[in-house]
Amino acid sequence: MYILLLECIICTAIYTLITVRELIKQREFSGFFVAIAMYDLVFGIFPTVVVSELLWDGQESRFLQSLIDVSDSGIDALIYYYLLALIGFIVLFLSYHGKICLITRKESNSSTLKGGNNEEAHFGRFILTAWGCLLVGLISLYLWSNAYGSIFNLILEANAVRSGMGSVVNGLAFFKHPARLVLLCSFLFIALFFKSQGIFKKRLYKFVNFMGLIVSLIASYLFLLACDGRLSIVVFLLAAFWLLLAGKTFEHIGKVIIGGMTIVFFSLFLLNEMDSITHFIRMGEWVEPENLLISSMIHELTFLPVGGQVSVLASWNNEVHLTLFDDLVTGLFAWFPYSLKPSGFEDVWNINTILIWGNINVSHGQWPCSFITQANYDLRFFGVLIYSLIAGRILKGIDKWQLDDNSLFKIAIKASFMEFIFRGVAYFSFYDIMLGLFPIVIAIIIKCGADILLSVRQ
């Protein structure tokens, strides 16, 4: 156990130092910085807290011992698992900074669109795209909630619906996926309202954009309450905050570090209080959280070390096959109704849950996989290498997006990708990624339609 604690402390020191180094070097909240900061929390800070609780019989030690195997083989599995995480981090870092980077040219860091000779046409297309996306999102939100009578009735039953115990059979439940478009619409209108100059100063454009911002934020608020996902709400707020700061470079790095730490602790505090907040919104009464912040974190995130340990033990004991094809097939068919999905392929998160609990039951729900856990299930050690390599390239590509005539749309899309990054280190699967890409694809289709429509009119 002491070896495991020493390993976690060393890993935390490495992750933290490199995260701070990246912030000092880049002086902005890039996608890579967000990714390694989350990596530090998931594979460094949190396991150090967990192992300390186990080693010194902390307040949550009994809870942890009921889920984590503390036998010699279980500890060996955790040591190996966090060694895999360290190797994955090294590959991720080299992939982002090394010669294998996807993009090497230098690009502008400006976050403000200057426009050009075709400024009015550009803004016209962007506004049409934003309102088109909002219309599709609102219609989908209505259709999804219609089986419950209204979105407000769905919000009241959100917890039961999320746990699979809802009393209503919703034949239009699929529309939950395009309804997520309202979140992207909020990013579109935030980008339009706060990141543009020039023609935006005209009163008509200002009024139209302000109304779109208000409507999209209200719709996002209703959608997130209906989903009853505490993490989704916090991640959405973090992505919106990132969008407001996107492209800005900071001169006083000390203030940025302090500000970043404040945001992290505020996010954790908000996550701890979110059940009380959403309950108050629904029922009008405040219920104090059952646990303190550290205890709440442990109860919320224990699936991380448990899933990692189980994935290693299952692979060592040949209890689970390579799940790459399960992951790919379930992901590729994520946009299709369940009846059209091919049989014989299982969601890897379900496999993980069954290995932990022996079944899938609403009492414990589905237990997700972290980035390293999913990679280990899919391809074992080589999965960690390959996934980390690909992730580094993707992060490099996103961070090098150049701000051109489409920069407002790009910066809003990048905010959506930031949601992936904030979430993806702890909650990772191809299926989850594909569901998140669904509203982005719809937005791109609507943008292409707006471009064609206005081009024809001209």
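Residues numbered from 1 in each chain as written. Predicted model: local features only at pLDDT ≥ 70, side-chain atom pairs only at ≥ 80, totals over all residues. Heavy atoms only, no water.

**Describing the overall build of the protein chain**
Short version of the rule: In DSSP terms, a helix is any run of H or I states spanning at least four residues, a strand is any run of E spanning at least two, and both are numbered starting from the N terminus. Between buried and exposed lies partly exposed: a residue is buried under 20% and exposed over 50% of the maximum accessible area for its type, with that area taken using a 1.4 Å probe on protein chains only. Any two residues whose heavy atoms approach within 4.5 Å at even a single point are treated as in contact. Only the protein chains shown count as cover for residues, and all accessible areas are computed by the Shrake-Rupley method using a 1.4 Å probe.
When its secondary structure is counted, the protein chain shows 19 helices and zero strands. The burial tally for the protein chain puts 52% of its 458 residues in the buried class. In the protein chain, 78% of the contacts between residues at least 6 apart in sequence involve partners at least 24 apart. Carbon together with sulfur atoms contributes 66% to the accessible area of the protein chain, which is approximately 21900 Å² in total.

**Focus on the state of the cysteines**
To keep it simple, the criterion reads: To count as a disulfide, a pair of cysteine sulfur atoms needs to be within 2.5 Å.
All chains considered together, the criterion is met by zero disulfides. Distance from the sulfur of Cys8, which forms no disulfide, to the nearest cysteine sulfur (Cys11) is 6.6 Å. Looking at Cys8, the relative accessible area reads 1%, which means it is buried.

**Digging into unusual backbone geometry**
Despite not being glycine, Asp57 shows a phi value in the positive range, around 50 degrees. Its identity is not glycine, yet Arg380 carries a phi of approximately 60 degrees, on the positive side. Here Arg380 shows up in helix H17 (residues 371-399). Residue Arg380 is classed as buried on the basis of its relative accessible area, which comes to 19%.

**Digging into a nonpolar patch on the surface**
Rules: Residues forming no salt bridge and having over 30% relative accessible area are the ones grouped into patches, like charges within 9 Å of each other and nonpolar side chains (Val, Leu, Ile, Met, Phe, Trp, Tyr) within 5 Å. Any carboxyl oxygen of Asp or Glu that lies within 4 Å of a side-chain nitrogen of Lys or Arg is treated as forming a salt bridge with it.
On the surface, Trp131, Phe207, Phe210, Met211, Ile214 and Ile218 cluster together into a nonpolar patch covering about 540 Å² of accessible area. The element contributing the most residues to the nonpolar patch is helix H10 (residues 203-227), with five residues. Checked against the element boundaries, Phe210 lands in helix H10.

**Quick notes on the packing of helix H11 (residues 230-245) against helix H18 (residues 407-424)**
How two helices pack is summed up by the angle between their axes together with the distance between the axes. Applied cut-off: Inter-axis angles, ranging from 0 to 180 degrees, are taken between N-to-C directions of lines fitted to C-alpha atoms, where helices are fitted over the stretch in contact. Should an angle fall under 35 degrees it is taken as roughly parallel, and over 145 as roughly antiparallel, whereas 65 to 115 is taken as roughly perpendicular and any remaining angle as oblique. What makes a crossing left-handed is the near helix being turned counterclockwise from the far one by less than a right angle; a clockwise turn instead makes it right-handed. Three classes are used: nonpolar for Ala, Val, Leu, Ile, Met, Phe, Trp, Tyr, Cys and Pro, charged for Asp, Glu, Lys and Arg, and polar for all others, with Gly counted as polar.
Interhelical geometry of H11 versus H18 gives an angle of 135 degrees and a closest axis separation of 9 Å. The angle between the axes of H11 and H18 places the two elements in the oblique class. Where H11 crosses over H18, the handedness of that crossing is right-handed. Only Ile411, Lys414, Ala415, Met418, Glu419, Phe422 and Arg423 of H18 make contact with H11, whose side of the interface consists of Leu231, Val235, Phe236, Leu238, Ala239, Trp242 and Leu243. Of the residues contributing to the contact of H11 with H18, the split by class is eleven nonpolar, no polar and three charged.

**Observations concerning the packing of aromatic side chains**
For clarity, the cut-off: Note on ring pairs: Phe, Tyr and Trp rings are taken, using the six-membered ring of Trp, and paired if centres are within 6.5 Å. Classes follow the plane angle, with under 30 degrees stacked, over 60 edge-to-face and the rest tilted.
Tallied over the full model, the rule gives 20 aromatic pairs. Ring plane angle 10 degrees and centroid distance 4.0 Å describe the contact between Phe32 and Tyr96, whose orientation is recorded as stacked. Within this pair, whereas Phe32 is found in helix H2 (residues 31-55), its partner Tyr96 is found in helix H4 (residues 72-97), the two being separated by 64 residues in sequence. Comparing Phe32 with Tyr96, the two get one shared label, buried.

**Description of the environment of Tyr142**
For Tyr142, the location among the structural elements is in helix H5 (residues 119-145). You can call Tyr142 exposed: its relative accessible area is 51%. The spatial distance from the C-alpha of Tyr142 to the C-alpha of Ala179 is 8.4 Å, given a sequence separation of 37 residues.

**Things to note about the nonpolar core**
Rules: Among buried residues, the Ala, Val, Leu, Ile, Met, Phe, Trp, Tyr and Cys ones that are joined through side-chain atoms within 4.5 Å form a nonpolar core.
In this structure, Phe43, Phe187, Phe223 and Ile372 are the most contacted members of the largest nonpolar core, which totals 126 residues. The element that contributes the greatest number of residues to this core is H2, accounting for 15 residues. Apart from residues lying up to four places away in sequence, Phe223 is in contact with Leu141, Trp144, Lys176, Ala179, Arg180, Val182 and Leu183.

**As for the pattern of salt bridges**
Counted by the stated rule, this structure contains three salt bridges. Among the ionic pairs, Arg21 bridges to Glu22, the shortest N-O distance being 2.8 Å. We classify Arg21 as partly exposed; its relative accessible area is 39%. Glu22 sits in the buried class, given a relative accessible area of 0%. For Arg423, the salt bridge is made with Asp432, and the minimal N-O distance between the two is 2.9 Å. Since its relative accessible area comes to 23%, Arg423 is described here as partly exposed. Among the residues examined, Asp432 registers a relative accessible area of 19% and is labelled buried.

Fair warning: the whole summary comes from geometry, so function is off the table for now.
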